[in-house]
Amino acid sequence: MLLISKGPLEVEKIFARWYGAEHKNNYGAMVSFVGTVREENGIEALSFDLYRPVLQAWFDEWQKRLGEKGAYLAMAHSEGDVPAHKSSFMCAIFSPKRRVALEMLDAFVEDFKANAPIWKYDVVEGKRLYAADRSTPMAGSGLLAGDEK
């Protein structure tokens, strides 16, 4: 289950939706992560652009990987502006055993930060500035991607 939301995520409603959909499926664990926008360095908000087709393919690959372990993935992410102290990213892994969910959650969040096709911008004094210092280049992307040898 991949949810994309304009603006901040409604954490309580999304968790209720996920738990309601999965609690009868005999999973022994639901392990989750919530990312919250921090107010620091003059940042008023973060703003996000997503490339949905690649994001869906990346998510589907993770769903397949988790399915091989008997687990299931749910993820939500914001598109557009998310003010400080609000959530922009949530995920949960449901699995028969907690160890699978705990280990895979860490791997998923780290891969998300490195490979999900989501571009982050700081909003400072009402201006949207690309957060280059906190971004990871995607393999094969960019104007010079074809020149890589």
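Before any of the text, the structure's been laid out above.
Below is a short write-up of the structure. (Residues numbered from 1 in each chain as written. Predicted model: local features only at pLDDT ≥ 70, side-chain atom pairs only at ≥ 80, totals over all residues. Heavy atoms only, no water.)

Two descriptors summarise a pair of aromatic rings, namely the distance from one centre to the other and the angle between the planes of the rings. Applying the stated criterion across every chain, the model contains nine aromatic pairs. Both rings, one in Trp-58 and one in Phe-108, keep their centres 5.3 Å apart while their planes meet at 35°; by these two values the pair is tilted. A residue pair is termed long-range when its members are at least 10 positions apart, and Trp-58 in helix α2 (residues 52-67) and Phe-108 in helix α3 (residues 98-115) qualify at 50 residues. The exposure class assigned to Phe-108 is buried, which follows from its relative accessible area of 0%. Members of the aromatic cluster, connected to one another through ring pairs, are Phe-33, Trp-58, Trp-62, Phe-89, Phe-108 and Phe-112. If you follow Arg-128 out to its NZ or CZ, it ends over the ring of Tyr-121, 3.8 Å from the centre. (Phe/Tyr/Trp six-rings, centres within 6.5 Å; stacked < 30°, edge-to-face > 60°. Helix = DSSP H or I, 4+ residues; strand = E, 2+ residues; numbered from the N terminus. Buried < 20%, exposed > 50% of the residue type's maximum accessible area, 1.4 Å probe, protein only. Lys NZ or Arg CZ within 6 Å of the ring centre and 35° of its normal.)

Now for helix α1 (residues 11-22). End to end, α1 covers 17 Å across 12 residues, agreeing with the expected 16 Å (1.5 Å per residue, within 8%). Residues Val-11, Ile-14, Trp-18 and Glu-22 constitute the buried set of α1. Down the axis of α1, the smallest arc covering the buried residues is 75°, so these residues share one side. Turned more than 90 degrees away from the buried face of α1 sit Glu-12, Lys-13 and Ala-16, all of them exposed. In this fold, the buried residues of α1 make contact with β1 (2-6), β2 (29-36), β4 (72-83) and β5 (87-95). (Expected span 1.5 Å × (residues − 1). Arc of directions from axis to C-beta. Contact = heavy atoms within 4.5 Å.)

Before going further, it helps to spend a moment on the environment of Lys-6. In this structure, Lys-6 sits in strand β1. Between the alpha carbons of Lys-6 and His-77 there is a distance of 8.7 Å; along the sequence they are 71 residues apart. Side-chain polar atoms of Lys-6 contact the side chain of Glu-79, separated by 3.3 Å. (Polar contact = N/O pair within 3.5 Å; in protein donor to acceptor, adjacent residues only side chain to side chain.)

Treat this as a map of the structure, not an account of what it does.
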